[in-house]
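# Chain and residue survey
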Amino acid sequence: MLASINIADIIGRTIVDYDLKDEDGVSPTDDLYMIRSNQLDDLCTRAALRIQHAERRLRRRVELEAEGQADGEMTEDSDGC
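Quick caveat, the model's predicted, so the values are computed rather than measured.

### Regarding the confidence of the model for the protein chain
When pLDDT is averaged along the protein chain, the result is 79; 72% of the residues meet or exceed 70. For residues 75–81, every residue scores under 50 in pLDDT, and the model assigns this stretch zero contacts once sequence neighbours within four places are set aside.

### Structural notes on the side chain of Thr14
Mapped onto the fold, Thr14 is located in helix H1 (residues 4–18). A relative accessible area of 1% means that Thr14 is categorised as buried. For Thr14, the residues in contact, after removing those within four places along its chain, are Leu43, Arg46, Ala47 and Arg50.

### Remarks on the environment of Val16
Residue placement: Val16 occurs in helix H1. Residue classification places Val16 among the partly exposed residues on the basis of a relative accessible area of 37%. Between the C-alpha atoms of Val16 and Tyr33, which are 17 residues apart in sequence, the distance is 7.2 Å.

### A few points about a positive patch on the surface
On the surface, Arg56, Arg57, Arg60 and Arg61 cluster together into a positively charged patch. Its place among the elements puts Arg56 in helix H2 (residues 40–80).

### So, the environment of Leu58
One can find Leu58 in helix H2. With relative accessibility at 18%, the residue Leu58 sits in the buried group. Taking the C-alpha atoms as reference, Leu58 lies 7.7 Å from Leu2; in sequence the two are 56 residues apart.

What counts and what doesn't
- Residues numbered from 1 in each chain as written.
- Predicted model: local features only at pLDDT ≥ 70, side-chain atom pairs only at ≥ 80, totals over all residues.
- Heavy atoms only, no water.
- pLDDT = per-residue confidence, 0-100.
- Contact = heavy atoms within 4.5 Å.
- Helix = DSSP H or I, 4+ residues; strand = E, 2+ residues; numbered from the N terminus.
- Buried < 20%, exposed > 50% of the residue type's maximum accessible area, 1.4 Å probe, protein only.
- Patch = residues over 30% accessible without salt bridge, like charges linked within 9 Å, V, L, I, M, F, W, Y side chains within 5 Å.
- Areas by Shrake-Rupley, 256 points an atom, 1.4 Å probe, with all protein chains shown as cover.
- Salt bridge = Lys/Arg side-chain N within 4 Å of Asp/Glu carboxyl O.
- Lys, Arg positive; Asp, Glu negative; His and termini not counted.
- Charge placed at Lys NZ, Arg CZ, Asp CG, Glu CD.

As C-alpha cells, this is what we get:
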C-alpha cells in the first residue's frame, strides 16, 4: 500500500540515523553517508520495521476512514427515515 517514494523516504531517514559521526557528533561529509559494515544488518532490520510500522498506520487510517464512511451512510439513512 505504501508508495515507493514513501518507502525510499523511510530508508533514507534510517540511513541518516546511522550516518558515521566523529567524536564531536559531526558527519565527516555533507553529501555522502558513511555507515560501518557491522551496522548494516541492524540498519536493514530497522528500515524494514519502520516500513512495516508505516504500513500498519496506513492500513489503520484506511480502515478508520472506511468505518467513518459506513457510519456516515448509516446516519444519513437513519436521518432520512
